[in-house]
Amino acid sequence: SQTIHQWPATLVQPVGSPLSLECTVEGTSNPNLYWYRQAAGRGLQLLFYSVGIGQISSEVPQNLSASRPQDRQFILSSKKLLLSDSGFYLCAWQNRGQGTDTQYFGPGTRLTVL
Amino acid sequence: QKEVEQDPGPLSVPEGAIVSLNCTYSNSAFQYFMWYRQYSRKGPELLMYTYSSGNKEDGRFTAQVDKSSKYISLFIRDSQPSDSATYLCAMTYNQGGKLIFGQGTELSVKP
């Protein structure tokens, strides 16, 4: 069966510090991968998605970036965090091979920028 | 106007009640509809998935899609305290497409 991991689970960072969040998927190959941010009391905001290694599409211009160095690894980064970057970051995968349209989410990383 | 509108609640019901959660959308091209359940401080989990119009039932949960009205619903029968969570609707145009999410409805089922 497929599983998705995110780490760290919780992170507190000062303004201006760098960020690296990691997401890995097991049990599937060549998935679509997604990064979302969820602010308190709000829905999911799509940040980035990837259909393959090195292929990244950005949905929202901001100081965040994403990379996909391996088929099942997706990384969210920032060189300098802003207060507004605080939120709950979710990684999701989607199996393109079987035509499913659903996305499956990881446990999330709660980021607080102080 | 947002593509998908969902009443954020919070919605509070007594245990055993029938719960109705709803989303409206503006784009008639949406064909695939999903409901996710998200417990506090956890990632969303897929609850129901439907294609086009009609009903789909899974235990105490029924998903309903009315494409003519651009309206989808999730019904929960015999609600339990363990159903207390935020429910997110989502939809997409085509297979493999990006999902468009509603804001989420926070549900609390009181014992």
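Structure report, in brief. Once a new chain begins, its residue numbering starts again from 1 and follows that chain's sequence as written. Just so you know, chain letters begin at A and ligand numbers begin at 1, following the order they were written in. In keeping with the predicted nature of the model, local features appear solely for residues at pLDDT of at least 70, side-chain atom pairs appear and are counted solely at 80 or more, and the whole-chain, interface and lining totals rest on all residues. Hydrogens and waters are ignored; side-chain quantities use all the structure's heavy atoms.

### Section: the overall build of chain B
Move 1: Helix and strand definitions follow DSSP, with helices as H or I runs of at least four residues and strands as E runs of at least two, each counted in order from the N terminus. The number of helices and strands found in chain B is 0 helices and 11 strands.
Move 2: Counting helices and strands in the order they occur from the N terminus, chain B gives β-β-β-β-β-β-β-β-β-β-β.
Move 3: The C-alpha radius of gyration computed for chain B amounts to 13 Å, which stays within 12% of the reference 13 Å derived for 111 residues, consistent with globular compactness.
Move 4: Principal-axis analysis of the C-alpha atoms gives chain B an extent of 40 × 25 × 25 Å.
Move 5: Only protein chains enter the area calculation, which uses a 1.4 Å probe; residues under 20% of their type maximum are buried, those over 50% are exposed, and those in between are partly exposed. Here chain B holds 111 residues, and 41% of them are scored as buried.
Move 6: Restricting to contacts in chain B with at least 6 residues of sequence separation, those with at least 24 account for 55%.
Move 7: For chain B, the accessible area works out to roughly 5,400 Å², and carbon and sulfur atoms hold 46% of it. C-alpha atoms define the radius of gyration, and 2.2 Å times the number of residues to the power 0.38 defines the globule rule. Contacts are residue-level and defined by heavy atoms, with any inter-residue pair within 4.5 Å sufficient. Note on areas: Shrake-Rupley, 1.4 Å probe, and residue coverage restricted to the protein chains presented here.

### Observations concerning the state of the cysteines
Move 1: Cysteine sulfur pairs qualify as disulfides if the two atoms are within 2.5 Å. Counted according to the given criterion, the structure contains 2 disulfides over all chains.
Move 2: Here Cys23(A) pairs with Cys91(A) through a disulfide, and the sulfurs are 2.0 Å apart. Across the disulfide from Cys23(A) to Cys91(A), rotation about the S-S bond amounts to roughly -75°, and the bridge is consequently left-handed. Of this pair, Cys23(A) sits in strand E3 (residues 19-26) while Cys91(A) sits in strand E9 (residues 87-94); the two residues are 68 residues apart in sequence, bridging distant segments of the chain.
Move 3: Assessed through its relative accessible area of 1%, Cys23(A) is described here as buried.
Move 4: In this model Cys23(B) forms its disulfide with Cys89(B); the gap between the sulfur atoms is 2.0 Å.

### Section: the interface of chain A and chain B
Move 1: Of the residues lining the interface, 24 residues belong to chain A; the matching set on chain B comes to 21 residues.
Move 2: In short, buried area is how much 1.4 Å probe accessible area vanishes from two parts on joining, totalled over both. Summing the contributions of chain A and of chain B, the shared interface buries around 1,600 Å²; its carbon and sulfur component is 54%.
Move 3: A salt bridge links Glu59(A) to Lys98(B), with the nearest nitrogen and oxygen atoms 3.0 Å apart.
Move 4: Whenever a nitrogen or oxygen atom comes within 3.5 Å of another N or O atom, the pair is scored as a polar contact, on the condition that within protein one atom can donate a hydrogen and the other can accept it, and that pairs from neighbouring residues in sequence are kept only if both atoms are in side chains. At the junction of chain A with chain B, the criterion picks out 3 residue pairs in polar contact (both at pLDDT 80 or more).
Move 5: Mapped by element, the contributors of at least two residues to the side of chain A that touches chain B are strand E4 (32-38), strand E5 (44-52), E9 and strand E10 (104-105) of chain A.
Move 6: In terms of residue count, the dominant contributor to the side of chain A that touches chain B is E4(A) (4 residues).
Move 7: Across the side of chain A that touches chain B, the residue classes break down as 10 nonpolar, 10 polar and 4 charged. A pair is scored as a salt bridge if a Lys or Arg side-chain nitrogen falls within 4 Å of a carboxyl oxygen belonging to Asp or Glu. Polarity classes work like this: nonpolar for Ala, Val, Leu, Ile, Met, Phe, Trp, Tyr, Cys and Pro, charged for Asp, Glu, Lys and Arg, and polar for all others, with Gly in that last group.

### Description of the nonpolar core
Move 1: Trp35(B), Ile72(B), Leu74(B), Tyr87(B) and Met91(B) are the most contacted members of the largest nonpolar core, which has 24 residues in total.
Move 2: Those elements that provide at least two residues to this core are strand E3 (19-25), strand E4 (32-38), strand E5 (45-51), strand E7 (61-66), strand E8 (71-76), strand E9 (85-92) and strand E11 (105-110) of chain B.
Move 3: Those residues in contact with Met91(B) that lie beyond four places of it in its chain are Val4(B), Tyr25(B), Phe30(B), Tyr32(B), Phe33(B), Met34(B), Ile72(B), Lys98(B), Leu99(B) and Ile100(B).
Move 4: In this text, buried Ala, Val, Leu, Ile, Met, Phe, Trp, Tyr and Cys residues form a nonpolar core when linked through side-chain atoms within 4.5 Å. Listed in part, the 20 residues of the second largest apolar core include Ile4(A), Trp35(A), Ala66(A) and Leu111(A).

### Brief notes about the pairing of E3(A)
Residue and element names in this part refer to chain A.
Move 1: Pairing between strand E1 (residues 3-7) and E3: 5 bridges, direction antiparallel. Bridged to Thr3 within E3 is Glu26.
Move 2: Sheet topology places E3 next to strand E8 (residues 73-78); 6 bridges connect them, and they run antiparallel. Residue Thr24 lies in a different strand from E8, and its bridge partner there is Gln73. If DSSP finds at least two bridges between two strands, the strands pair.

### Examining the pattern of salt bridges
All names here are of chain B.
Move 1: Within this structure, the stated rule accounts for 6 salt bridges over all chains.
Move 2: Here Arg37 makes a salt bridge to Glu45, at a shortest N to O gap of 3.1 Å.
Move 3: Its relative accessible area of 14% is what places Arg37 among the buried residues.
Move 4: Of the residues examined, Glu45 reaches a relative accessible area of 32% and is grouped as partly exposed.
Move 5: Between Arg77 and Glu57 there is a salt bridge; the shortest N-O distance is 3.4 Å. In this pair, Arg77 sits in the loop between E8 and E9 while Glu57 sits in strand E6 (residues 54-58), placing the two residues 20 residues apart along the sequence.

### So, the sheet that holds E3(A)
Hydrogen bonds between backbone groups are what pair the strands of a sheet, and the pairing can be parallel or antiparallel.
Residues and elements named next belong to chain A.
Move 1: Spatial strand order, E1-E3-E8-E7: 4 strands in an open sheet with antiparallel pairing. Two strands in the sheet have a free side with no partner beyond their single neighbour: E1 and strand E7 (64-70). Sheet twist, expressed as the mean angle between neighbouring strand axes with direction ignored, is 20°. Working convention: axes come from line fits to C-alpha atoms, limited for helices to the stretch in contact. Angles between N-to-C directions cover 0 to 180 degrees.

No statement about biological role is implied by the geometric values presented.
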